[in-house]
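Examining the three-dimensional arrangement
For reference, the chains in residue letters:
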Amino acid sequence: MAVFPWHSRNRNYKAEFASCRLEAVPLEFGDYHPLKPITVTESKTKKVSRKGSTSSTSSSSSSSVVDPLSSVLDGTDPLSMFAASADPAALAATTENSRKKRDRDDNSIVGSDFEPWASKRGEILARYTTTEKLSINLFMGSEKGKAGTAISAMSEKVRTRLEELDDFEEGSQKELLNLTQQDYVNRIEELNQSLKDAWASDQKVKALKIVIQCSKLLSDTSVIQFYPSKFVLITDILDTFGKLVYERIFSMCVDNHSILPDHFSPENVNDTAKETCLNWFFKIASIRELIPRFYVEASILKCNKFLSKTGISECLPRLTCMVRGIGDPLVSVYARAYLCRVGMEVAPHLKESLDKNFFDFLLTFKQIHGDTVQNQLVLQGVELPSYLPLYSPAMDWIFQCISYHAPEALLTEMMERCKKLANNALLLNSVMSAFRAEFIATRSMDFIGMIKECDESGFPKHLLFRSLGLNLALANPPESDRLQILNEAWKVITKLKNPQDYINCAEVWVEYTCKHFTKREVNTVLADVIKHMTPDRAFEDSYPQLQSIIKKVIAHFHDFSVLFSVEKFLPFLDMFQKESVRVEVCKCIMEVFIKHQQEPTKDPVILNALLHICKTMHDSVNALTLEDEKRMLAYLINGFIKMVSFGRDFEQQLSFYVEARSMFCNLEPVLVQLIHSVNRLAMETRKVMKGNHSRKTAAFVRACVAYCFITIPSLVGIFTRLNLYLHSGQVALANQCLSQADAFFKAAISLVPEVPKMINIDGKMRPSESFLLEFLCNFFSTLLIVPDHPEHGVLFLVRELLNVIQDYTWEDNSDEKIRIYTCVLHLLSAMSQETYLYHVDKVDSNDSLYGGDSKFLAENNKLCETVMAQILEHLKTLAKDEALKRQSSLGLSFFNSILAHGDLRSNRLNQLSVNLWHLAQRHGCADTRTMVKTLEYIKKRSKHPDMGHLTELALRLPLQTRT
């Protein structure tokens, strides 16, 4: 292919900018506004068929548009209603939707400020565990009478089912012994699933049998420490049963394609549903043993809604009285807790039964100290201090139900009743756990007096002070009492010998101290914690509590100059000897610093402390550290670096960056941040000095440049290094450090051959050529203003870069190399202009150095011709490889480059452009729309001054027609 000489067209950038500027056109909006609602006018035409009559038209306007699909959302979709009337499955779906809405309504009877039972379930299961062997008694029932004839009459069917229940209670018994706690839990879960399976297969009697046998397990206290967890597991099954029965009866109320309203009355319930409901209650009433009869009836308490309006209010007192027949005080208090739970779910307004359960419990509380219970504890080897906390979950729940939205008078009455029981510590603890924090806080001194008078033999006083502290963390006591409250509490806490008891209590009161006192009191508390937890390395068993203390302290001390002036804060951090825990604590501190530190700081106390904390995080990184963890640590350290500022003391700022580099060398994102920070520092120095480049300023800038030049090679990411070399070179150029800028650019050029074919992007391997193209395009934009070095010849950096591009091994089917050559052609065209498009202040680019010298332009044109030859050779190769679509695309792209940058008054260049136009269309691969728009653009440009030669060119560019 012949060599075509290149001639760049002369550009008048100012005129081009002016021609591209958008023209301002006045626009009168009138009443129109894009955010104004659209008004829709609906016209209705009425035609009268009588002779001689005329049609009348009426119009109506609406200021809003009615969405025709919105009716689907409110359940009034006519198609859905029609389908529901004909399709039982659709009706079932409608019933299911109603059930979900009804559940939401039922759950919203009590407000969100009432802590649900579900939130306590996990804590109870985790706290009350055992290593002793457990057992389950399974009453399997005999198989007699199972092969009878079919029974058709309803009365016979009911009698048969009652006989099956009697048979069940009198049947065989199977006992599973020596079960571990996990085995026990698995067995209970199996029973729960068996219940669901039996119900799904319409074996209602079998389902009831399962519930009865599970309820009987609640009378067993042979492994007493596990009883609270057993209660949680069994009541899960009872809840499932109660829900299944209720939904079954509710579904029977669907009659003639209608369902019950959400808030129905017994009058809305049909006879069949009522009879079924009564049948369930009769079955349950036939259960002989008290405990299963009580629990199963309580589980379906809600079903009374189907029978009468007063059914629940009549049932609750009766069930409350039934609990009086349970002799074991632990079993009875949990039965009362379950009754209170279902009562709050179905009728929270019936407070009388809640109060009655509480007062009945107080009357029977003395049984705990009776001979029966004491003998049982001796038999199982359980001490009273271990036994009494078993009551806490049930008592706390009963107190919570009673105190919910209760008047002050009732709470005061309950306090007085507790006092009459000689200030029993267990009751007092439940009162403080369940009552509103504001109620407790305002009477803090009264409660402290009651705590002092409590007998500590069964329930330790420090647990009472812990419960008090939890309330004071949520509500403020009277200001005049605050110091006395802290002194009274800490007198008890600091005397505790057991480290676990001490730290559990101290953790709570640290928040109270931080909330109401100064750093002096906080320092005293931290010193006391160190004193108690250091001996025998007790802190190793209490990392969660120590972490909690740190979080509470930093949550209240957002001024880190105050925080680090607390003398014992850093020694407190030294107790975190386990690396993983220590790193988590450091991360918490840095997160609070980044969130709340508003202004940059140079406080040496803060800097030294946070450097130590960041160093701890950095040193935890090893070969096994996950990338996400590295990113998080780098984010926190970078957040700290960004908040360090020494103002105009630039040398001190650079010294800090040097120290940070030595400390955080294993986290690449931190090194990248440091390089960017140093580059900004160099630019800020230039800005502050306002052109007054003294020797000291120049030396400092060179020091910043040297910092970057030394640091970049230590990075791993190839494109990270390339981009930082480019950016740092730009900063050096902006500061008139020409030789340093050349060094950066040469380093970038020498690094290009090392770019691999594939790179890792977010964990996936991707081709690198597109990223290399992007980088080189940015690089070319910078090379336009880089002046030539006097010792290296004309355009030495461009020549070196072209050599590297030529030698780089490109993918076989890639056109990126030619796209890069096209960008080089654009660069060389811009370099041939008399005045460049942009400049760097106080840096003479080649347009100033050469002043349009003919030798410089000749060298430039030679490079252009060399690049053009490479492009044309590649286009020729594509024809051989039958890559015709790629050839068409690249040919049109090259045509556009010549059109934009070449002087088409040159005959040979003009002919080349015509050849490229034909090449783009030769095999029918060109996009016709693109070709048409390109030709229209040429014709439009030909009308501009000095562009008349494009008229002739346009005539030589035919459009290919497709038939």
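Structure: above.
What you are looking at is a predicted structure, and each value in this text was computed from that prediction instead of being measured.

Some thoughts on the side chain of Glu488
When you line up the elements, Glu488 lands in helix H23 (residues 482-493). Discounting residues that sit within four places of it in the chain, Glu488 has contacts with Ile448, Lys452 and Phe465.

Points about the packing of helix H32 (residues 650-663) against helix H34 (residues 695-711)
Put simply, H32 and H34 touch, their axes get as near as 11 Å, and they point 15 degrees apart. The orientation of H32 relative to H34 falls into the category roughly parallel. Relative to H34, H32 is oriented so that their crossing is left-handed. Taken together, the residues of H34 that come into contact with H32 (itself represented by Phe650, Glu651, Leu654, Tyr657, Val658 and Arg661) are Lys696, Phe700, Ala703, Cys704, Tyr707, Ile710 and Thr711. Of the residues that constitute the contact of H32 with H34, the class distribution is nine nonpolar, one polar and three charged.

A word on the nonpolar core
Counting 310 residues, the largest nonpolar core has Tyr387, Trp509, Val529 and Phe640 as its most contacted members. Here this core gets 13 residues from one element, more than from any other, and that element is helix H9 (residues 227-252). Each of two domains, domain 1 (496-645) and domain 2 (882-962), supplies a minimum of three residues to this core. Setting aside its immediate chain neighbours within four residues, Phe640 contacts Met590, Phe593, Leu607, Leu610, Leu611, Cys614 and Phe656.

Looking at the packing of aromatic side chains
Tallying each qualifying case throughout the model produces 42 aromatic pairs. Centre to centre, the rings of Tyr512 and Phe517 are 6.0 Å apart; their planes meet at 65 degrees, and the pair counts as edge-to-face. An aromatic cluster of three or more residues is present, and its members are Phe560, Phe564, Phe569, Phe593, Phe640, Phe646, Phe656 and Tyr657. Positioned above the aromatic ring of Trp280 is the side chain of Lys283, whose terminal nitrogen or guanidinium carbon lies 4.3 Å from the ring centre. Its guanidinium or amino end placed over the ring of Tyr246, Lys302 lies 4.4 Å from that ring's centre, counting from NZ or CZ.

A closer look at H34
Between its first and last C-alpha, H34 extends 24 Å over 17 residues, near the 24 Å set by a 1.5 Å rise per residue. Those residues of H34 lying buried are Thr697, Phe700, Val701, Cys704, Val705, Tyr707, Cys708 and Thr711. Along the axis of H34, the buried residues cluster in a sector spanning 150 degrees; they form a single face. Set apart from the buried face of H34 by more than 90 degrees, the exposed residues are Arg695, Lys696 and Ile710.

Quick word on helix H7 (residues 181-200)
Here H7 contains 20 residues, and its C-alpha end-to-end distance of 29 Å stays within 8% of the 28 Å for a straight helix at 1.5 Å per residue. For H7, every residue scored as buried is listed here: Tyr184, Val185, Ile188, Leu191, Asn192, Leu195, Ala198 and Trp199. Projected down its long axis, H7 shows its buried positions confined to an angular sector of 150 degrees, all on one face. Once H7 ends, the next one or two residues include Asp202, with phi positive near 65 degrees.

Regarding a nonpolar patch on the surface
A grouping of Phe17, Leu837 and Tyr838 is seen on the molecular surface, where their side chains present a nonpolar patch of about 290 Å² in accessible area. For Tyr838, the position within the fold is in the loop between helix H39 (816-831) and helix H40 (846-850). Given a relative accessible area of 32%, Tyr838 falls into the partly exposed group.

Cut-offs applied
Residues numbered from 1 in each chain as written. Predicted model: local features only at pLDDT ≥ 70, side-chain atom pairs only at ≥ 80, totals over all residues. Heavy atoms only, no water. Helix = DSSP H or I, 4+ residues; strand = E, 2+ residues; numbered from the N terminus. Contact = heavy atoms within 4.5 Å. Axes fitted to C-alpha atoms, helices over the stretch in contact; angles between N-to-C directions. Parallel < 35°, antiparallel > 145°, perpendicular 65-115°, else oblique. Left-handed = near helix turned anticlockwise from the far one by under 90°. Nonpolar A, V, L, I, M, F, W, Y, C, P; charged D, E, K, R; others polar. Core = buried A, V, L, I, M, F, W, Y, C linked by side-chain atoms within 4.5 Å. Buried < 20%, exposed > 50% of the residue type's maximum accessible area, 1.4 Å probe, protein only. Domains from an automatic or database assignment. Phe/Tyr/Trp six-rings, centres within 6.5 Å; stacked < 30°, edge-to-face > 60°. Lys NZ or Arg CZ within 6 Å of the ring centre and 35° of its normal. Expected span 1.5 Å × (residues − 1). Arc of directions from axis to C-beta. Patch = residues over 30% accessible without salt bridge, like charges linked within 9 Å, V, L, I, M, F, W, Y side chains within 5 Å. Areas by Shrake-Rupley, 256 points an atom, 1.4 Å probe, with all protein chains shown as cover. Salt bridge = Lys/Arg side-chain N within 4 Å of Asp/Glu carboxyl O.

Remember that the coordinates give geometry; whether it matters functionally is a separate question.
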